[in-house]
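Take a look at the letters that make up each chain.
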Amino acid sequence: MMDDLAFTPIRRLAGMLRSQSLSPVELAEFCLDRLERLGPRYNALVTLTADRALETARTAEAEIADGRYRGLLHGVPWGAKDLLATSGGVPTTWGAEPFRDQQFEYDATVVAKLEKSGAPLAAKLAMIELAGGMGYTQPDASLTGPPKNPWDTGRWTGGSSSGSGAAVAAGLVPFAIGSETWGSILLPAASCGLSGLRPTYGRVSRHGAMALCWTLDKLGPLCLTADDCGIVLEAISGSDRNDPTTYAQRFSYDPQYRPGRRYRIGVLKGVLDGAQVAVKGNFEAAVASLADVADFEEVEFPDLPYAEVTTTILMVEAASAFEDFVAEGGPQRLAAPGYHSLGPYARPAILATDYVKALRLRGVMARRVAELMSGYDALAGPTSLSTATPIDRDFRSGSRSVAGTGDLMGAVGNGCGLPAISAPNGFDPAGLPTGIQFMSRAYDENACIAIAREFQSRTDWHTKHPEGLSG
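Residues numbered from 1 in each chain as written. Predicted model: local features only at pLDDT ≥ 70, side-chain atom pairs only at ≥ 80, totals over all residues. Heavy atoms only, no water.

Colleague: Tell me about the overall build of the protein chain, residues and numbers included.
Modeller: Along the protein chain, the regular secondary structure elements total 14 helices and 13 strands. For the protein chain, the C-alpha radius of gyration of 21 Å lies close to 23 Å, the compact-globule estimate for 471 residues. For the protein chain, the C-alpha atoms occupy an extent of roughly 60 × 60 × 45 Å along the three principal directions. A total of 471 residues make up the protein chain; the buried ones form 62% of that total. A sequence separation of at least 24 residues applies to 77% of the contacts in the protein chain between residues at least 6 apart. (Helix = DSSP H or I, 4+ residues; strand = E, 2+ residues; numbered from the N terminus. Rg over C-alpha atoms; globule rule 2.2 N^0.38 Å. Buried < 20%, exposed > 50% of the residue type's maximum accessible area, 1.4 Å probe, protein only. Contact = heavy atoms within 4.5 Å.)

Colleague: Can you break down the pattern of salt bridges residue by residue, with the values?
Modeller: Using the criterion set out here, one finds 20 salt bridges in the structure. With a shortest N-O distance of 2.8 Å, Arg11 and Asp227 are connected by a salt bridge. Highlighted residues: Arg11 in helix α1 (residues 10–19) and Asp227 in helix α7 (residues 226–236), separated in sequence by 216 residues. Residue class for Arg11 comes out partly exposed when judged on its relative accessible area of 37%. Take Asp227: its relative accessible area is 13%, and that puts it in the buried class. With its nearest N and O atoms 3.0 Å apart, the salt bridge here joins Glu180 to Arg198. Placement of the pair is Glu180 in strand β6 (residues 176–180) and Arg198 in strand β7 (residues 195–198), with a sequence separation of 18 residues. The structure contains a network of salt bridges with shared partners spanning Arg258, Asp292, Glu454 and Arg458. (Salt bridge = Lys/Arg side-chain N within 4 Å of Asp/Glu carboxyl O.)

Colleague: Explain the packing of α7 against helix α14 (residues 445–458) to me, using residue names and the numbers behind them.
Modeller: Between α7 and α14, the least distance of the axes is 8 Å, while the angle of their chain directions is 155°. Classified by the angle their axes make, α7 and α14 are roughly antiparallel. For the pair formed by α7 and α14, the contact residues are Ala226, Asp227, Gly230 and Leu233 on the first element and Glu445, Ile449, Ala452, Arg453 and Gln456 on the second. Its residues assigned to classes, the contact of α7 with α14 comprises 4 nonpolar, 2 polar and 3 charged. (Axes fitted to C-alpha atoms, helices over the stretch in contact; angles between N-to-C directions. Parallel < 35°, antiparallel > 145°, perpendicular 65-115°, else oblique. Nonpolar A, V, L, I, M, F, W, Y, C, P; charged D, E, K, R; others polar.)

Colleague: Break down the nonpolar core for me, with residues and values.
Modeller: Judged by nonpolar contacts, the single largest core of 131 residues is most densely connected at Leu84, Leu114, Leu130, Phe175 and Phe438. Looking at this core element by element, the count peaks at 8 residues for helix α2 (residues 24–38). Excluding residues within four positions of it along the chain, Leu84 makes contact with Thr92, Ala108, Val110, Val111, Lys124, Ile177, Gly208, Ala209 and Leu219. By size, the runner-up hydrophobic cluster in this structure holds 6 residues, among which are Tyr136, Ala141, Ala336 and Ile391. (Core = buried A, V, L, I, M, F, W, Y, C linked by side-chain atoms within 4.5 Å.)

Colleague: Could you give me a rundown of the environment of Pro259, with the residues and numbers involved?
Modeller: One can find Pro259 in the loop between α7 and β9 (263–268). Along the backbone, Pro259 and Asp377 are 118 residues apart, and their C-alpha atoms lie at a distance of 8.5 Å.

Colleague: Quick one: what's the story with the side chain of Ser191, residue by residue and with numbers?
Modeller: Of note, Ser191 is situated in helix α6 (residues 186–192). Of the residues examined, Ser191 reaches a relative accessible area of 7% and is grouped as buried. Beyond its immediate sequence surroundings of up to four residues, Ser191 is in contact with Asn149, Trp151, Trp156, Thr157, Ala388 and Pro433.

Colleague: How would you explain α14 if you had to name every residue and give the values?
Modeller: The terminal C-alpha atoms of α14 lie 20 Å apart, and with 14 residues this matches the ideal 20 Å at 1.5 Å per residue to within 8%. Counting buried positions over the 14 residues of α14 gives 12, a clear majority of the element. Those residues of α14 lying buried are Glu445, Asn446, Ala447, Cys448, Ile449, Ala450, Ile451, Ala452, Arg453, Glu454, Phe455 and Gln456. (Expected span 1.5 Å × (residues − 1).)

Colleague: Got a sec to walk through the sheet that holds strand β8 (residues 218–223)? Specific residues and values, please.
Modeller: Sheet architecture is open: 11 strands sit in the order β1-β3-β2-β6-β8-β7-β12-β13-β11-β9-β10, paired in mixed fashion. Both outer strands of the open sheet, β1 (45–48) and β10 (294–299), are each paired with one neighbouring strand and no more. Taken pair by pair, the neighbouring strands of this sheet meet at an average axis angle of 30°, ignoring direction. Taken together, the 2 bridges between strand β2 (residues 78–81) and β6 define a ladder with parallel strand orientation. Counted as the bridge partner of Gly79 is Ala176 from β6. Most of the contacts of helix α13 (residues 408–415) go to strand β13 (residues 433–439), to which it runs at about 45°, and overall it touches β6, β7, β8, β9, β11 (378–382) and β13. (Pairing = 2+ DSSP bridges.)

Colleague: Quick one: what's the story with unusual backbone geometry, residue by residue and with numbers?
Modeller: The backbone phi angle of Asn43 is positive, close to 50°, even though this residue is not glycine. Tracing the backbone shows Asn43 in the loop between α2 and β1. Taking relative accessible area as the criterion, Asn43 reaches 15% and is therefore assigned buried.

Colleague: If you had to explain α2 to someone new, which residues and values would you point to?
Modeller: Across its 15 residues, α2 extends 21 Å between first and last C-alpha, which sits within 8% of the 21 Å expected from 1.5 Å per residue. Of the positions making up α2, those classed as buried are Pro24, Val25, Leu27, Ala28, Phe30, Cys31, Leu32, Arg34, Leu35 and Leu38. Buried residues along α2 sit in contact with α1, β1, α3 (50–65) and β3 (121–125). Near the N-terminus of α2, the side chain that reaches the backbone nitrogen of Val25, with its oxygen 3.1 Å away, is that of Ser23. (Polar contact = N/O pair within 3.5 Å; in protein donor to acceptor, adjacent residues only side chain to side chain.)

Colleague: I'd like to hear about the environment of Thr459, residue by residue, with values.
Modeller: Of note, Thr459 is situated in the segment after α14. Of the residues examined, Thr459 reaches a relative accessible area of 17% and is grouped as buried. A sequence separation of 35 residues divides Thr459 from Pro424, and the C-alpha atoms of the two residues are 9.6 Å apart. Only 3.0 Å separates the side chain of Thr459 from the backbone oxygen of Phe455, close enough to count as a polar contact.

Colleague: Provide a residue-level description of the packing of aromatic side chains, including the pertinent values.
Modeller: Evaluated as defined, the whole model comprises 11 aromatic pairs. Centre to centre, the rings of Tyr136 and Trp156 are 6.3 Å apart; their planes meet at 80°, and the pair counts as edge-to-face. Here Trp156 lies in strand β5 (residues 152–156) and Tyr136 lies in the loop between β3 and β4 (148–149), a separation of 20 residues in the sequence. One aromatic cluster in this structure is built from Trp94, Phe99, Phe104, Tyr106 and Phe325. (Phe/Tyr/Trp six-rings, centres within 6.5 Å; stacked < 30°, edge-to-face > 60°.)

Here is the structure:
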């Protein structure tokens with residue numbers, strides 16, 4: 001039975017754990033062994049948290065045996081992107097050499113909530129240095145080296161949550177928490193054949209998470225299925241007095257959600273322009289697979305400078321977040337050659353008036369986009385216009401959307417704080433995954449999850465995993 005656990009969705013694991021046909025300790029030991037053996041192969045592992053995981057697993061085993069079942073995550077191990085603070089002497093490196101030994105005396109709210117659910121933290125996972133806060137153009141901008149894609153180790157996993165993507169795609173943990181400021185949950189999901197959910201801004205507390213951009217940062221899950229994403233989001237959502245931007249109402253996942261009619265899905269005009277042939281074909285096939293339950297209609301966003309506004313906000317807030325680090329010459333101690341350029345030092349020169357103008361325009365963007373989306377359950381598009389990039393490629397030589405900085409849905413979704421989910425929808429001729437994303441209105445995660453879940457009920461792309469990694 002243990003050989004089948006590497007790619008088992010959460011709901012199925014939960015059934016085995018609750019029935020006591022699977023021990024939480026056995027499952028934790030299984031994941032810890034895979035993390036230790038295979039994590040370095042993909043540059044996915046920063047710190048193995050074995051003692052902590054086993055302690056939580058033993059508690060879960062005793063509670064379940066005693067009939068004190070906490071819910072679907074009780075006894076299910078997971079991995080944390082290494083920008084989430086962890087107590088108990090576990091380092092939180094932010095993916096960067098200058099912070100290799102950094103420790104905190106408290107847990108990030110997300111960590112605390114998952115452990116309250118009985119989920120053992122098995123590992124801190126690799127990430128791009130400072131979540132790309134200095135700007136980066138190479139996958140090797142990471143303390144542990146460039147996270148490698150389990151589908152092809154000559155390819156990157158994508159985004160700053162690249163270690164989280166590699167760990168779940170390799171079956172090292174059932175799910176992981178990543179962060180997204182612009183593309184860093186959805187892109188690893190698409191590149192690695194996973195389901196990844198970017199929640200609404202404010203849905204999940206960021207207390208204890210490294211700040212890159214206070215008004216754009218979001219935390220969310222990378223999982224095997226859309227259903228898994230809903231389960232995890234419910235556990236980590238809710239208000240937090242330590243993060244005043246959080247939404248008061250906790251997300252309640254409804255796995256039976258239906259709109260009571262056909263889904264209405266918008267497709268942006270020109271959304272496939274520049275897409276690789278396989279990306280285009282797989283997107284069109286995905287749309288066709290939903291034709292009997294959804295109406296698709298071409299739409300256009302109002303003409304506004306979405307990318308420019310979102311980029312300005314990101315650059316200014318990142319400059320403020322890392323002001324002391326830059327002033328002390330910190331970028332010179334980072335791994336990526338791009339960090340030694342003038343980029344981090346030039347950003348503070350952006351005018352305050354331009355930042356305020358961007359904030360005001362974001363309000364206009366949010367209102368206009370909300371008006372457009374009021375007639376739809378979601379907007380659909382390819383998550384990325386290309387499959388995973390070569391691990392030694394400089395992004396400047398490739399598509400901007402590959403680096404997660406040039407796609408319109410990404411600019412709108414992150415600039416307006418909207419939820420989106422990416423689901424695997426096929427492969428290219430080289431066997432690399434592609435993804436489709438569904439983006440919904442603010443706080444309407446149940447809608448985009450339901451559409452992705454409907455898609456996954458009709459296809460089996462989410463059940464495909466890299467060869468040779470089971471057991």
